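Examination of the molecular architecture
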Amino acid sequence: MDKNSDRLTLVPYFPNEKQTLKWYQDPKICKQVDNIDTVYDLTKLRRMYEYLSVHGWCYYIQYQGKLIGDCTLLKDGEISIVICKEHQNLHLGRKCVDKLVQLARIQKMTQVKAHIYDFNIQSKKMFTRMGFKEQQPDWYSYDL
């Protein structure tokens with residue numbers, strides 16, 4: 001296991017717009033996550049977190065005491081993860097996905113899935129290295 005991942009924890013969602021809006025003001029993040037060419041405003045951010053927290057288990061990713069992103073396991077088994085640009089490529093996403101897979105097992109799910117756009121090579125590599133298989137274009141799944 002990567003030495004950085006032991007300093008990573010998932011913190012249950014709570015409103016923290018001052019911090020989180022910064023992540024979703026990054027056009028590259030918005031493109032990777034939603035395939036959009038615009039950034040989030042406060043209204044869209046609030047709607048997103050409301051949806052995620054009502055329809056699943058939403059967490060902030062805390063690394064070395066600092067919030068660096070968020071991740072969610074929806075009740076239908078879909079996993080989503082966002083890590084701010086400065087903390088990408090440190091193998092922190094793998095640890096988050098591992099924790100969400102453990103949660104899915106606790107919830108008696110039989111499969112988890114991730115929606116990954118074809119151009120998001122970084123996420124595709126991470127999920128496939130973890131054992132996720134492409135089931136249809138842009139959708140990867142992992143049987144539990």
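Quick caveat: nothing in here was measured; it's all calculated off a predicted structure.

Read from one edge to the other, the open sheet built from four strands follows the order 1-2-3-4, with strand pairing classed as antiparallel. Among the strands making up the open sheet, the edge pair consists of strand 1 (8–12) and strand 4 (79–83). Direction aside, the axes of adjacent strands within the sheet are offset by 25° on average. Relative to strand 3 (residues 66–74), strand 2 (residues 56–63) is paired through eight bridges, and the arrangement is antiparallel. Its bridge partner lying in strand 3, tyrosine 60 is registered against aspartate 70. On top of the sheet, helix 4 (residues 92–106) reaches strand 1, strand 2, strand 3 and strand 4; it is set at about 155° to strand 4, its chief contact.

For the rest of this paragraph, the subject is the sheet that holds strand 7 (residues 139–143). The sheet built from three strands is open, its strands ordered 5-7-6 with antiparallel pairing. Of all the strands in the sheet, the pair left with one neighbour each is strand 5 (111–115) and strand 6 (133–136). Neighbour-to-neighbour, the strand axes of this sheet turn through a mean angle of 40°, independent of strand direction.

Turning to the pattern of salt bridges, a few remarks are in order. Overall, the coordinates contain five salt bridges when judged by the stated rule. Across the salt bridge formed by aspartate 37 and lysine 31, the nearest N and O atoms sit 3.3 Å from each other. Exposure remark for aspartate 37: the relative accessible area of 68% places this residue in the exposed category.

At a closest axis distance of 10 Å, the pairing of helix 4 and helix 5 (residues 121–129) adopts a crossing angle of 50°. If you check the angle between helix 4 and helix 5, you find them oblique. Considering how the two elements wind past one another, helix 4 and helix 5 form a crossing that is right-handed. Residues Gly93, Arg94 and Val97 of helix 4 pack against Met126, Phe127 and Arg129 of helix 5. Taken together, the residues of the contact of helix 4 with helix 5 sort by class into three nonpolar, one polar and two charged.

Burial within strand 3 is extensive, with eight of its nine residues counted as buried. Turn length for the strand 2-strand 3 hairpin, with the two strands adjacent in sequence and antiparallel, is two residues, and the turn residue glutamine 64 shows positive phi of about 50°. Strand direction decides the pairing type here: strand 3 and strand 4, joined by five bridges, are antiparallel. Within strand 4, the residue paired with glycine 69 across the bridge is isoleucine 83. Linkage of strand 3 to strand 4, two consecutive antiparallel strands, is achieved through a turn of four residues, within which glycine 77 is found at a positive phi near 95°.

This next bit is on unusual backbone geometry. In the Ramachandran plot, asparagine 89 falls in the positive-phi region, its phi being about 65° despite a non-glycine side chain. Following the sequence through the fold, asparagine 89 ends up in the loop between strand 4 and helix 4. Since its relative accessible area comes to 61%, asparagine 89 is described here as exposed. A positive phi angle is found at aspartate 138, which is not glycine, with a value near 75°. Inspection of the secondary structure puts aspartate 138 in the loop between strand 6 and strand 7. Classification of aspartate 138 as partly exposed rests on a relative accessible area of 22%.

Criteria and thresholds
- Residues numbered from 1 in each chain as written.
- Predicted model: local features only at pLDDT ≥ 70, side-chain atom pairs only at ≥ 80, totals over all residues.
- Heavy atoms only, no water.
- Pairing = 2+ DSSP bridges.
- Helix = DSSP H or I, 4+ residues; strand = E, 2+ residues; numbered from the N terminus.
- Axes fitted to C-alpha atoms, helices over the stretch in contact; angles between N-to-C directions.
- Contact = heavy atoms within 4.5 Å.
- Salt bridge = Lys/Arg side-chain N within 4 Å of Asp/Glu carboxyl O.
- Buried < 20%, exposed > 50% of the residue type's maximum accessible area, 1.4 Å probe, protein only.
- Parallel < 35°, antiparallel > 145°, perpendicular 65-115°, else oblique.
- Left-handed = near helix turned anticlockwise from the far one by under 90°.
- Nonpolar A, V, L, I, M, F, W, Y, C, P; charged D, E, K, R; others polar.

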